[in-house]
Amino acid sequence: MVHKLLKKWCCLASCLCLGFHALGQDTVTGRVTDEGGTPLEGVSVSVKNTANSTSTNVEGHYSIGARQGNVLVFGYVGYGTQEVEVGANLTLDVKLVTKQEALDEVVVVGYGTLKRRDVTGAIASVSGQKMSEYVVPNPVQALQGRAAGVVVTTNSGAPNGNFTVRIRGSNSIRGGNDPLYIIDGMPSSPSSINSLDIESVEVLKDASATAIYGSRAANGVVLITTKRGKSGAASIAYDVNYGIQSQIKKLDMMNATEWATFYNEQQLNDVGKTYFTDEQIAAMGNVDWQSLVFQNAPIQNHNLMVMGGTEKAKVLVSGSAMTRDGIIPNSKYDKYNLRSNIDYNFNDRFSLQLNMVYTRTGRSDQNSGGGNRGGSLIGGTLASPPSLQPYNEDGSYQNLQLAYPFMSNALLNPFNILNETSSKTNANLGNINLALGYELIKGLSLRTSLGIENNDYQTDYYRTSKYLYGASNASISNQHDMTIVNENILNYHMDINDHALDAVGGFTYQQYVGKSSSVSGSNFISDAPETGQISGASIFGIPSSGYTKWVLMSYLGRINYSFKGKYVMTVSARSDGSSRYSPGSKWGFFPSAALAWRISQERFLSNVDWLSELKLRAGYGRTGSTAISPYATLNMLSQGKTPINGDMGTFYAPSTTLPANLRWETTDQINVGVDIGLLTNRLRITADYYDKITKDLLNAVILPPSSGYGNTIRNIGKMGNKGVELMVEGDVISNDRLLWTLSGNISANRNKVISLYGGDDVYGSNVNLSYINDFIHLIREGEPMGVFFTYKENGYTDDGNLQYIDRDDNGTLSVADKMITGNPYPDFTYGINSDLSYRGFDFSFFFQGSQGNDLFNVGETANLDQGMGLNLRKGVLNSHWKPDNSPEANAAAKYPRVSRSIAVQYSDRFIEDGSYLRLKNISLGYNLPLQKWGIQWCNQLKVYVSAQNIWTLTKYTGMDPEVNSLVGNINIGVDYLTYPNVKTVSFGARVQF
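What counts and what doesn't
- Residues numbered from 1 in each chain as written.
- Predicted model: local features only at pLDDT ≥ 70, side-chain atom pairs only at ≥ 80, totals over all residues.
- Heavy atoms only, no water.
- UniProt positions renumbered as here; feature names shortened; annotations may be inferred.
- 1 Å grid on protein atoms, 1.4 Å probe; cavity = no way out; pocket = protein on both sides within 12 Å on 5 of 7 lines; lining within 4 Å.
- Points joined across faces, edges and corners; volume = space filled by probe spheres on them.
- Helix = DSSP H or I, 4+ residues; strand = E, 2+ residues; numbered from the N terminus.
- Nonpolar A, V, L, I, M, F, W, Y, C, P; charged D, E, K, R; others polar.
- Domains from an automatic or database assignment.
- Phe/Tyr/Trp six-rings, centres within 6.5 Å; stacked < 30°, edge-to-face > 60°.
- Buried < 20%, exposed > 50% of the residue type's maximum accessible area, 1.4 Å probe, protein only.
- Lys NZ or Arg CZ within 6 Å of the ring centre and 35° of its normal.
- Pairing = 2+ DSSP bridges.
- Patch = residues over 30% accessible without salt bridge, like charges linked within 9 Å, V, L, I, M, F, W, Y side chains within 5 Å.
- Areas by Shrake-Rupley, 256 points an atom, 1.4 Å probe, with all protein chains shown as cover.
- Salt bridge = Lys/Arg side-chain N within 4 Å of Asp/Glu carboxyl O.
- Core = buried A, V, L, I, M, F, W, Y, C linked by side-chain atoms within 4.5 Å.
- Contact = heavy atoms within 4.5 Å.
- Buried area = accessible area lost by both parts, 1.4 Å probe.

Going by the annotation in an unreviewed UniProt entry, the name recorded for the chain is TonB-linked outer membrane protein, SusC/RagA family, with Parapedobacter indicus given as the source organism. Entered under Sequence similarities (unreviewed entry) in the UniProt record, the comment concerning the chain runs "Belongs to the TonB-dependent receptor family." Quoted straight from UniProt, the Subcellular location (unreviewed entry) entry for the chain says "Cell outer membrane".

## Examining empty space enclosed by the protein
Scanning the model with the defined rule gives 7 cavities of 30 Å³ or more in all. Of the volumes computed, that of the largest cavity is approximately 420 Å³. At 4 residues, helix α7 (residues 377-383) tops the list of elements feeding residues into the lining of the largest cavity. For the lining of the largest cavity, a count of residues per class yields 17 nonpolar, 15 polar and 6 charged. Residues from two domains meet in the lining of the largest cavity; each of domain 2 (106-231) and domain 3 (244-250 + 294-376 + 412-865 + 902-986) gives at least three. Approximately 340 Å³ is the volume attributed to the second largest cavity. Lining the second largest cavity are 26 residues, and of these Tyr134, Val135, Val136, Arg324 and Asn949 sit closest to its centre. If you list the elements that add at least two residues to the lining of the second largest cavity, you get β11 (150-154), β17 (232-247), β50 (916-927), β51 (940-954) and β53 (982-992). Among the residues forming the lining of the second largest cavity, the class breakdown is 8 nonpolar, 14 polar and 4 charged. Lining the lining of the second largest cavity are residues from two domains, each supplying at least three of them: domain 2 (106-231) and domain 3 (244-250 + 294-376 + 412-865 + 902-986).

## Points about the environment of Gly176
Within the fold, Gly176 resides in the loop between β12 (163-167) and β13 (180-183). Between the alpha carbons of Gly176 and Ser625 there is a distance of 8.1 Å; along the sequence they are 449 residues apart.

## A few points about the packing of aromatic side chains
All chains considered together, the criterion is met by 38 aromatic pairs. Ring plane angle 50° and centroid distance 6.4 Å describe the contact between Trp289 and Phe415, whose orientation is recorded as tilted. Here Trp289 is found in helix α6 (residues 289-293), whereas its partner Phe415 is found in helix α8 (residues 414-420), with 126 residues between them in sequence. According to the relative accessible area criterion, Trp289 is buried, its value standing at 3%. Taking the relative accessible area as the measure of exposure, Phe415 reaches 12% and is therefore buried. Among the aromatic residues, ring-to-ring pairing joins Trp259, Phe262, Tyr263, Tyr275, Phe276, Tyr404 and Phe406 into one connected group. Across the ring face of Phe775, the terminal group of Lys818 is positioned such that the distance to the ring centre comes to 3.6 Å.

## Concerning the pairing of strand β8 (residues 106-109)
Taking every second residue as pointing to the same face, the buried face of β8 carries Val107 and Val109, while none of Val106 and Val108 on the other face is buried. Two strands pair when backbone bridges link them, and β8 and strand β9 (residues 112-115) are joined in this way by 4 bridges, in the antiparallel orientation. Within β9, the residue paired with Val106 across the bridge is Lys115. Connecting β8 to the antiparallel partner β9 that follows it, the hairpin turn spans 2 residues, and Tyr111 within it adopts a positive phi of roughly 60°.

## Comments concerning a nonpolar patch on the surface
A cluster of nonpolar residues, Phe841, Phe843, Leu924, Val945, Ile950, Trp951, Leu953 and Val985, forms a patch on the protein surface that exposes about 680 Å² of accessible area. Listing elements by their share of the nonpolar patch, those giving two or more residues are β47 (841-851) and β51. Of all the elements, β51 adds the most residues to the nonpolar patch, at 4 residues. Looking at Val945, the relative accessible area reads 31%, which means it is partly exposed.

## Examining the nonpolar core
The biggest cluster of nonpolar side chains holds 68 residues, and the ones touching the most others in it are Trp259, Phe262, Phe276, Tyr404 and Phe856. Listed by contribution, the elements that provide at least two residues to this core are α4 (256-270), α6, α7, α8, β44 (802-804) and α9 (874-878). It is α4 that contributes the most residues to this core, 5 residues altogether. Contacts of Phe262, omitting those with residues within four sequence positions, involve Met254, Gln866, Leu872, Val876, Leu877 and Val898.

## So, the domain arrangement of the chain
Domain annotation of the chain identifies domain 1 (26-95), domain 2 (106-231) and domain 3 (244-250 + 294-376 + 412-865 + 902-986). Computed over C-alpha atoms, the centres of domain 1 and domain 3 are 43 Å apart. Listed per partner, the contact involves 14 residues of domain 1 and 12 residues of domain 3. When domain 1 packs against domain 3, the two sides together hide about 1,100 Å² of surface, and 48% of this comes from carbon and sulfur. Our count for the contact surface shared by domain 1 and domain 3 stands at 0 salt bridges.

## Description of the sheet that holds strand β4 (residues 61-66)
The mixed open sheet is built from 3 strands, whose spatial order is β4-β1-β7. For this open sheet the edge positions go to β4 and β7 (94-95), each flanked by a neighbour on one side alone. Note: strand β1 (residues 26-33) against β7, 2 bridges, orientation parallel. Bridge pairing in β7 places Thr33 opposite Lys95.

## Focus: the sheet that holds strand β42 (residues 787-790)
Strand order in the open sheet formed by 4 strands is β38-β41-β42-β45, with antiparallel pairing between adjacent strands. If you trace the sheet from one side to the other, it starts and ends with β38 (762-763) and β45 (819-822), each paired once. As paired strands, strand β41 (residues 777-779) and β42 are joined by 2 bridges and run antiparallel to one another. Counterpart to Leu778 in the pairing with β42 is Val787.

## Side note on unusual backbone geometry
Leave glycine aside and you will find that most residues have negative phi; peptide bonds, for their part, are mostly trans. For Tyr111, which is not glycine, the phi torsion reads 60° and is therefore positive. Summarising the element assignment, Tyr111 is placed in the loop between β8 and β9. One non-glycine residue, Ala627, adopts positive backbone phi at about 65°. By the element assignment, Ala627 lies in the loop between β30 (611-625) and β31 (637-644). Look at Ala627 and you get buried, because its relative accessible area is 9%.

## Regarding the pattern of salt bridges
Inspection of every chain in the model, using the stated rule, returns 36 salt bridges. The partner of Asp668 in a salt bridge is Arg622, with the nearest N and O atoms 2.6 Å apart. Taken together, the positions of Asp668 in strand β34 (residues 665-678) and Arg622 in strand β30 put the pair 46 residues apart, joining distant regions of the chain. Residue Lys942 pairs with Asp842 through a salt bridge whose shortest N-O separation is 3.0 Å. Here the residue Lys942 occupies a position in strand β51, and Asp842 occupies one in strand β47, the gap between them amounting to 100 residues. Here the two residues Lys942 and Asp842 agree in accessibility, since each one is buried. Counted as one network, the salt bridges with shared partners bring together Lys130, Glu133, Arg146 and Asp835.

See below:
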């Protein structure tokens, strides 16, 4: 299969390349020196994207075969890499600068750019190459493990890529904790772009870097810069990737014989006699439900990019198509993307920039999460008895609830769900951003932009008449979102002798309007139209619609001053006005200040040859979060329907939430950091310490019934996060044949709730099962937000039942007996990356891990829900309390006596160590030596094989430790029958001409 795919790719590349005129190869010569004109021996000289390379001799001279339009790459240990395009002149002399001078590279910051040496805040940069090493539905997922202080958690293995991002911890109870995403200067959804379109990603972590974004920046800012056209000959690149996904881990469930033996023991204990005879057990077949439901699934990605232009006009056009089937049948995610970036210079002072993006996504979901006693797709897959088939002999679905008299009445046949229910969401995302730039005077420029993002979603759900557990049902839901952003920014740059000044000032306006609607119906005469003819329903639901609007106006400014390149100061301020807040509280002010000292530039260190860079950074800033819905401060009326005189009438009633005069949530943060470069920057180290406090936390407060309201929202408390981050990167080997770079990062964050309203605890949401309905998370002063708060087991009773610690010794269990039994936050997270290239081959691997976090395994509770005929883990049969066991054996038994009368409570039994180390990606590629073979019409043809998530080290007993089933800021670290994560093996190719 691989041979056929490679053959197709090579044929495609040949057909495309035949359309180009073959150009003869010339010999390019030249000399490479350092800043002082000294020749450099051993400098690596290569033709970009090919295996063609050479090195300079003792006099710095080189000679290499290349043609006009090729790009030569010059690299040498301790010096910055340079790329030079071959033109009509075939003699190219190059002067390399040390990596210390390469600190002049430009870094994207809020509303502008700075030289890296002038950066005073905590900013992590990730290259576009790293962001596109493997295929992900959303490019932000590729940040996982790449930047210290940035925690990306894959919530489930669903094809659409459900995940959460936290930068330096969580700051809000009620508001969002996701970072702000800025794409090419405009707030936008990262799902609208393709990974291969990304040039670079900058993560702004501390408040001195993020305060310029004010009320939207409390959770950090992710700046994504996409690739743009370049002057010169047109370049065309085509990338293709095809992979197979499979389940990472299967749970060790009972087979049919074990299952029947177990339920004979349960029936004997509870009823007094067994149910199955030996003959019946021997005649049972064995069905592996996990293997039936979880299947291998393909994923493929295609990307075509064309770029080129002149000094006056530059254009990039790209298109991509990704299709990802889920390992659960009939679950799928498709993404199609078109992008056009245009740069046009009217003259030396007036320029235009136009970015246009269209993305079409299609998602097919399955009822795959949660449920209990087999009441969901995954729950039914694990709980279905291995003695039963999904279909009857006549081909109809088997109703598993009726198979035995002791079966759960919630157990669903997984194949009935898979084939007779569908939920499809199609989305159209459009983004246009037009910017005009004009240089008013030398050094002073004005940039005004208008961006419009339009998102349309439609979800069609249909359940056919063949569904065993209810009538046919359909619903259609629509959501329309439009965001308009206008920015007017002045930038000023001045260099006078030892002084350098960069200043930014401006005004921005952002408006969001969201509209929603839904219709539903049930009892359809025919299943053929599905949602295409919802008027065919016999019973109609109540139609609904919604409308939301908010506006944010802002004034902003920043000054960055550098003296002699050694002493740097940054001061910024932003004032935000939000329509969400009450009059008198609508505006918030968010200042910041930071200093940096490049000690390595001082005279007393000038003779320390091994020290290339030493910079100390310190900063303070304030950021904010709106944290409330647009109408939370208004006295709202809610609408509903009620029977009136035999008909349905409409009513309006006051909201159960009392409006209040609310203040902004604000986060104050200090950051101290150091940047170190050793051995001509061959070894690079960045370390940061931060401490941030979020005050005026917003959350609901319960009101007494006499108030006439159920609750109100108030500014109730204060929360802190503090931590350390370390990034180390080094060039282990660097010469003309072999380049090996190693990097690693580690970060630790400590979250703490400092104060709450009245000092009272705040409970998380209940996790409702048929046999347990209780909360498991807690917010308490002095503890991390959302710690696990459960009962603690105290061995077994004399008859083998569970018993719990009764802290108040009153003989009954209550909240007073609960205690903190776990922490969902890790002690630290880390990533390790290795890149090695040798003579056209490149090999890389990437490890990512989390250490010290606890997980609450809700699925494990099913192993104590006995007597319902559900399949359970083998350990329940092999290690449980028995009356004929020795006391020592019963004390060591993992599970209590087999019975349907177990006293199950949420306890420390279900809290497990969620630490893991995962080989996130490993890849081996080869650039075919086209130039050596005399092939001139193609610049690059690379083939590669890669694998993701193929190895995981963990003690967690669930399907996968990288999981977060429940939504919200409090209910974290829970595994509740979630769509399993997948491992992937893929093959790919890249052709460029």
